[in-house]
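# Structural features, examined
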Amino acid sequence: MPATDAQNLAHHSLRPSRSQFTLGRTVSCRGIGFVTGADVRLELHPADPGFGLAFQRLDCPGTAPVPATREFVLPRSRRTAIGCDNVVIELVEHVLAGLAGMQIDNCLITLDAPEPPGFDGSCRPIVDAILEAGRVPQNAARPCRSIDRPLSTGKSGRNITLRPLTRPALAITYHLDYGPRSPIAAQNRTYVLDPETFSRDIAGCRTFVLDDEVAALKQQGLGLGLTHQDLLVFGPNGPIDNPLHFPDECARHKILDCIGDFALLGTDLHGHIHACCTGHSDNHEATAMILGDWQHNNLSAAA
Ligand SMILES: [Zn+2]
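Model, not experiment: these values are computed from the prediction.

## Quick word on the overall build of the chain
Each helix and strand in the chain was counted, giving seven helices and 19 strands. Judged by the C-alpha coordinates and their principal axes, the chain covers about 60 × 50 × 35 Å. The burial tally for the chain puts 54% of its 303 residues in the buried class. Considering only contacts within the chain whose residues lie at least 6 apart along the sequence, 74% involve residues at least 24 apart. Accessible area for the chain stands at about 13700 Å²; split by element, carbon and sulfur atoms hold 53% of it. For the chain, the centre of its 26 positive side-chain charges and the centre of its 33 negative side-chain charges are spaced 3 Å apart.

## Overview of the packing of helix α4 (residues 195-202) against helix α6 (residues 249-262)
Contact geometry of α4 with α6 gives a least axis separation of 11 Å together with a crossing angle of 135°. The angle between α4 and α6 places the two elements in the oblique class. Listed contacts from α6 to Phe-198, Asp-201 and Ile-202 of α4 are Arg-252, Ile-255, Leu-256 and Ile-259.

## Side note on the pairing of strand β14 (residues 170-176)
Within β14, six of the seven residues are buried, which leaves it mostly tucked inside the rest of the structure. Of the strand pairs in this sheet, β14 and strand β19 (residues 268-276) are connected by six bridges, and their pairing is parallel. Residue pairing for β19: Tyr-174 is matched across the bridge by Ala-275.

## What to know about the packing of helix α2 (residues 93-101) against helix α3 (residues 124-133)
The packing of two helices is summarised by the inter-axis angle and the distance between the axes. Here α2 crosses α3 at 40°, and the two axes come no closer than 8 Å. Between α2 and α3, the crossing angle belongs to the class labelled oblique. Seen along the crossing, α2 lies across α3 with a hand that is right-handed. From α2, Val-95, Gly-98 and Leu-99 reach across to α3, where they touch Ile-126, Val-127 and Ile-130.

## Side note on the coordination of the zinc ion
For the zinc ion, every protein donor is listed as His-94 (NE2), His-253 (NE2), Asp-257 (OD) and Asp-257 (OD), and the spread of their distances is 2.1 to 2.7 Å. Metal-centred angles of 53 to 150° between the four donor atoms at the zinc ion mark the site as irregular. Binding-site remark: the zinc ion is held by donors from one chain whose sequence spacing is H-x158-H-x3-D. Taken as a pair, His-253 and Asp-257 lie in helix α6 at a separation of four residues, close to a single helical turn.

## Considering the domain arrangement of the chain
The domain architecture assigned to the chain consists of domain 1 (18-142) and domain 2 (144-291). A separation of 19 Å is found between the C-alpha centroids of domain 1 and domain 2. On the domain 2 side, the residues contacting the 30 residues of domain 1 number 37 residues. Here domain 1 meets domain 2 over a buried area of about 2700 Å², counting both sides, of which 59% is carbon and sulfur. Summed over the three residues of domain 1 that lose the most area to domain 2, namely Arg-70, Arg-78 and Arg-142, the buried surface amounts to 24% of that side. The interface formed by domain 1 and domain 2 holds three salt bridges in total. Secondary-structure elements contributing two or more residues to the side of domain 1 that touches domain 2 are α2, α3 and β10 (135-142).

Rules used throughout
Residues numbered from 1 in each chain as written. Predicted model: local features only at pLDDT ≥ 70, side-chain atom pairs only at ≥ 80, totals over all residues. Heavy atoms only, no water. Helix = DSSP H or I, 4+ residues; strand = E, 2+ residues; numbered from the N terminus. Buried < 20%, exposed > 50% of the residue type's maximum accessible area, 1.4 Å probe, protein only. Contact = heavy atoms within 4.5 Å. Areas by Shrake-Rupley, 256 points an atom, 1.4 Å probe, with all protein chains shown as cover. Lys, Arg positive; Asp, Glu negative; His and termini not counted. Charge placed at Lys NZ, Arg CZ, Asp CG, Glu CD. Axes fitted to C-alpha atoms, helices over the stretch in contact; angles between N-to-C directions. Parallel < 35°, antiparallel > 145°, perpendicular 65-115°, else oblique. Pairing = 2+ DSSP bridges. Left-handed = near helix turned anticlockwise from the far one by under 90°. Donors = N, O, S within 2.8 Å, 3.2 Å for Na, K, Ca; no water. Tetrahedral: all angles 85-135°; square planar, octahedral: opposite > 155°, others 65-115°. Domains from an automatic or database assignment. Buried area = accessible area lost by both parts, 1.4 Å probe. Salt bridge = Lys/Arg side-chain N within 4 Å of Asp/Glu carboxyl O.

Structure follows, in structure tokens:
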């Protein structure tokens, strides 16, 4: 392929599509962290174009903000954590989902504990804080990259496939199936990212656990002090002492998790994510695969 064509293609996959957005003013919220049980104050601050999303621990004086990008992801089970130079922020995915779902591209997130508040396991309070602050367009284009060819990761029954979309949008299909004996029914949901529908259809969907898993999680020190009202816990007959917000709330929450984890790419993504029975580690494998593919394409284009 002549270099000029290759360069055109590379240019095509990295295209500005909309203005960057930040917040109209600083807003705050407060709550208990799921991992540490800490009482946390979190603030969302406006930031300049190109700043991106970054977390700063105010309880670690003198330390720099940790960028919320793929390279700072730490290995964790069932959650997403980022860290740099011994400064770690646990369970960042729901805050990131709130920001990415509302298309807030530049924001400094400060907190005075090792993790954001867990709230009710959703990102509703983050989205409400964003709506309170207002979304402000900035004089800079938001970089956007697209999925140009099918990519997949995982194995049979648990995998993510990424496909090109004919329109400039991010679609996510999540298929959840824990088997016929699970108290959580098999469910399937497709969602196309848009700030208005995100607030209505996804933001309030809560994380969930099986009652069988609660003891093991508490043994690891997770979720201590939480009750069935604080979190969606499924017993043999469905959610315990807590009505569902949607019949397929679990699949919707998994989409929320995908939006938070894929925000770590640091650009808009256009394409269709098909996720089947996956979690955070699969999302991180997928984003590493996408970044590897883009890097490979850029290298081929430069050759
Ligand atoms: Zn989650």
